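Below, each chain spelled out in residue letters.
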Amino acid sequence: MNRRESLKRMMYATLALGLAPLLKAYRDAPGKILIVSGWQDVNIGDIAHTPGLLTVLQTFLPNTKLVLWEKNVGQEVRSWLQKNFPKVEIIQGTVEKDGSVYQMEILESFKDCDLMIHGSGPSIVGQSNLEAWVKYTGKPFGIFGTTIGDVDDRLKSLLLKASFIFTRETASIEVLKEAGIMGKHISFVPDATFFFHLHNDELAASFLKEKGLEKGKFICAVPRLRKTPYYLIKNRHKWTEEAIQRVEDLNNRYKEVDHAKLREALIAWVRGTGNKVLLCPEMTYEVDIMDELLYNPLPDDVKPFVEKRGYWLPDEAASVYARAFAVLSFECHSPIIAAANGVPFFYLRQPHDTIKGQMYYDLNFSDWIFEIEETTGKEIADRLQGMWRNYSEACNRVASEVKKIGDMYKVASRVVADVLSC
């Protein structure tokens, strides 16, 4: 760090310390929420969390101003969010290891906002952001549609201060109970991705035309390894060779047996209906495993009916899923994006994919979730053929359940409004 940067940080630190008591005492008129979200942009599910929650709040709290504190996304996703949510202020900035904040736009948002919300995610990814909010402001905060798989002393100390905790499945509520965190302010509210309503119909239509995919006459298939190989994606230097080897050994042990079951369903679909299959990714690395695990092993008579898609943004994925017959996915969020568009889905759940899959049982989709080690490819294929014969029933079911989820968001938003009005 050069001398100029050092002096600049010292100035901000001094200013921050001086502002802290003012921020804690500050109470503007209720109506402005600071949201921490945007965990990564190599996964369309993680991208979709953010617009999902923004849409929930804009729908049920239309007069509330929103500020988005992006945790970790790139310029493409940032520009995409700005284009689709022009009324939302987007800010950036980090929290130091000691909990200090130096960026003025963050401190200004701390002063101006009345409530902070942690968006949907795999854990309390923005814990340090919430801790900084509490440290500098003392204002209320809450959790919206997040999995909480474990609670250490530091997280417990934070969560005990929360005005509301909405977990995205009931399994997290049990984790909280075991940690001694209970109360009426805790409830199940599904992942905000169920309110992801963005589309890119023009891009999707061009792609579908190019690949000869007709509406309602193709299924989408999404692969996944047991453990995400993040060392291939980012921060390779943080991985030891031993850790990499453990992940690769696990993935190599199960990748063929898992995907053979999905392939059996794809083969039955093509041969039984004469319709096509689209192989598509939820994460960037999955583009590289499509051929090995789904396409190459297919019989020669099936391969001509199979198309592939590279990595995409969730609005294009949503437009493609909306035109599919169904989405079959080892990943958790492509089924949610499909459901948000009224399209049936199968979630092929791997045991290493955390407790978030409980959400599908909580939402009455138990016969569309397949615990992959407890099912066969034939069972998946047979269930898909049954859906082909009774498609209107499946679509009506999706619409009914998604409406219930919307009602849950409405109730949750009332809680948020009550906290804002205090």
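To keep things clear, this report deals only with the structure shown in the data block. Treat the numbers as computed from the prediction; the structure is a model and nothing was measured. Each chain carries its own residue numbering, running from 1 in the written order of its sequence. Only residues with pLDDT of 70 or above have their local features reported here, since the model is predicted, and side-chain atom pairs are shown and tallied only from 80 upward, although totals for entire chains, interfaces and linings are computed over all residues. The side-chain values count all of the structure's non-hydrogen atoms but skip hydrogen atoms and water molecules.

Describing the overall build of the protein
Thinking step 1. Helix numbering and strand numbering both begin at the N terminus, where a helix is a DSSP run of H or I of at least 4 residues and a strand a DSSP run of E of at least 2. Broken down by element type, the protein carries 15 helices and 13 strands.
Thinking step 2. For the protein, whose C-alpha radius of gyration is 22 Å, the value lies close to the compact-globule estimate of 22 Å for 422 residues.
Thinking step 3. Projecting the C-alpha coordinates of the protein onto the three principal axes gives extents of approximately 70 × 45 × 45 Å.
Thinking step 4. A fraction of 71% describes how many contacts in the protein between residues 6 or more apart in sequence connect residues 24 or more apart.
Thinking step 5. Approximately 18,200 Å² of the protein is accessible, and the part contributed by carbon and sulfur atoms is 50%.
Thinking step 6. Charge convention: Lys and Arg are scored as positive, Asp and Glu as negative, and His as well as the terminal groups of each chain are ignored. Each charge is placed at NZ for Lys, CZ for Arg, CG for Asp and CD for Glu. Taken together, the 53 basic and 55 acidic charged side chains of the protein have centroids lying 4 Å from each other. The reference for a compact globule is 2.2 Å times residues^0.38; the radius of gyration itself is calculated from the C-alpha atoms. Two residues form a contact once any of their heavy atoms are found within 4.5 Å. Computed by Shrake-Rupley with a 1.4 Å probe, the accessible areas treat only the displayed protein chains as cover when residues are assessed.

Concerning the packing of aromatic side chains
Thinking step 1. In this analysis, rings of Phe, Tyr and Trp, with Trp reduced to its six-membered ring, are considered paired at centre separations within 6.5 Å, and the interplanar angle assigns stacked below 30 degrees, edge-to-face beyond 60, and tilted for intermediate values. Counted according to the given criterion, the structure contains 21 aromatic pairs.
Thinking step 2. Note on Phe-164 and Phe-166: the rings are 4.8 Å apart at their centroids and 25° apart in plane angle, and the pair reads as stacked.
Thinking step 3. Classification of residues uses two cut-offs on accessible area relative to the type maximum, computed with a 1.4 Å probe and protein chains only: under 20% is buried, over 50% is exposed, and between them is partly exposed. Given a relative accessible area of 0%, Phe-164 falls into the buried group.
Thinking step 4. For Phe-166, a relative accessible area of 2% gives the class buried.

Section: the nonpolar core
Thinking step 1. Each nonpolar core is a collection of buried residues, namely Ala, Val, Leu, Ile, Met, Phe, Trp, Tyr and Cys, held together in the definition by side-chain atoms within 4.5 Å. One finds Phe-110, Phe-144 and Tyr-321 to be the most contacted residues of the largest nonpolar core, which totals 130 residues.
Thinking step 2. At 9 residues, helix 15 (residues 391-421) tops the list of elements feeding residues into this core.
Thinking step 3. Contacts of Tyr-321, omitting those with residues within four sequence positions, involve Ile-44, Cys-220, Val-222, Cys-280, Trp-312, Val-327, Ser-334, Ile-337, Ala-338 and Val-343.
Thinking step 4. Among the nonpolar cores identified, the runner-up in size contains 6 residues, and Val-42, Leu-225, Tyr-285 and Ile-289 belong to it.

A few points about the pairing of strand 8 (residues 218-222)
Thinking step 1. In terms of burial, strand 8 is a largely internal element, 5 of the 5 residues being buried.
Thinking step 2. Here strand 8 shows two buried faces, one formed by Phe-218, Cys-220 and Val-222 and the other by Ile-219 and Ala-221.
Thinking step 3. Where strand 8 lies against strand 9 (residues 276-279), 4 bridges are found, and the strand directions are parallel. Across the sheet, residue Phe-218 finds its bridge partner in strand 9, namely Lys-276.
Thinking step 4. Each parallel crossover has a hand, and the one from strand 8 via helix 9 (residues 241-273) to strand 9 is right-handed. If DSSP finds at least two bridges between two strands, the strands pair. Orient the strands so they point away from the viewer, and a crossover whose first-strand-to-second-strand path over the helix runs clockwise is right-handed.

Re the packing of helix 2 (residues 44-60) against helix 11 (residues 314-321)
Thinking step 1. An axis is simply a line fitted to the C-alpha atoms; with a helix, the fit covers only the stretch in contact. Between two such axes, the angle follows the N-to-C directions and lies from 0 to 180 degrees. Viewed as axis vectors pointing N to C, helix 2 and helix 11 meet at an angle of 95°, and their least axial separation amounts to 9 Å. Considered as vectors, helix 2 and helix 11 are oriented roughly perpendicular to each other. Side by side, helix 2 and helix 11 meet where Ile-44, Ile-47 and Ala-48 of the first sit next to Pro-314, Ala-317 and Tyr-321 of the second.
Thinking step 2. The residue classification treats Ala, Val, Leu, Ile, Met, Phe, Trp, Tyr, Cys and Pro as nonpolar and Asp, Glu, Lys and Arg as charged. All others, Gly included, are polar. Here the contact of helix 2 with helix 11 is built from residues that sort into 6 nonpolar, no polar and no charged. For classification purposes, an angle smaller than 35 degrees is called roughly parallel, one larger than 145 roughly antiparallel, one from 65 to 115 roughly perpendicular, and anything else oblique.

Topic: the sheet that holds strand 12 (residues 345-349)
Thinking step 1. An order of 10-9-8-11-12-13 is seen for the 6 strands of this open sheet, with the pairing classed as parallel. For this open sheet the edge positions go to strand 10 (306-308) and strand 13 (369-371), each flanked by a neighbour on one side alone. Between one strand and the next, the sheet's axes are offset by a mean angle of 20°, whatever the strand orientation.
Thinking step 2. Summarising the sheet, strand 9 and strand 10 pair through 3 bridges and their orientation is parallel. The residue of strand 10 that forms the bridge with Leu-278 is Glu-307.
Thinking step 3. Contacts between helix 8 (residues 201-211) and the sheet are confined to strand 8, strand 9 and strand 10, with strand 10 contributing the most and set at about 140° to the helix.

Some thoughts on the side chain of Asp-315
Thinking step 1. Mapped onto the elements, Asp-315 comes out in helix 11.
Thinking step 2. Within this document, salt bridges are pairs made up of a side-chain nitrogen of Lys or Arg and a carboxyl oxygen of Asp or Glu, the two lying within 4 Å of each other. Lys-83 is the oppositely charged side chain nearest to the buried, salt-bridge-free Asp-315, at an N-O distance of 6.7 Å.
Thinking step 3. Apart from residues lying up to four places away in sequence, Asp-315 is in contact with Trp-80, Phe-196, Leu-198, His-199 and Asn-200.

A word on the pattern of salt bridges
Thinking step 1. Scanning all chains against the criterion turns up 24 salt bridges.
Thinking step 2. Between Arg-224 and Asp-353 there is a salt bridge whose closest N-O contact spans 3.1 Å. Remark: Asp-353 occurs in the loop between strand 12 and helix 13 (358-362) and Arg-224 occurs in the loop between strand 8 and helix 9; sequence separation between them is 129 residues.
Thinking step 3. With a closest N to O distance of 2.7 Å, Arg-226 and Asp-258 form a salt bridge. With Arg-226 in the loop between strand 8 and helix 9 and Asp-258 in helix 9, this pair connects stretches of sequence that are 32 residues apart. Here Arg-226 and Asp-258 have matching classes, each one buried.

Re the side chain of Ser-319
Thinking step 1. Counting through the fold element by element, Ser-319 comes out in helix 11.
Thinking step 2. Judged by relative accessible area, which is 0%, Ser-319 ranks as buried.
Thinking step 3. N or O atoms closer than or at 3.5 Å make up a polar contact, with two conditions inside protein: a donor-capable atom paired with an acceptor-capable one, and, for residues adjacent in sequence, both atoms drawn from side chains. One polar contact links the side chain of Ser-319 to the main-chain amide nitrogen of Asn-200, over a distance of 2.9 Å.
Thinking step 4. Once residues lying within four places of it in the same chain are set aside, the contact partners of Ser-319 are His-199, Asn-200, Asp-201 and Ala-204.

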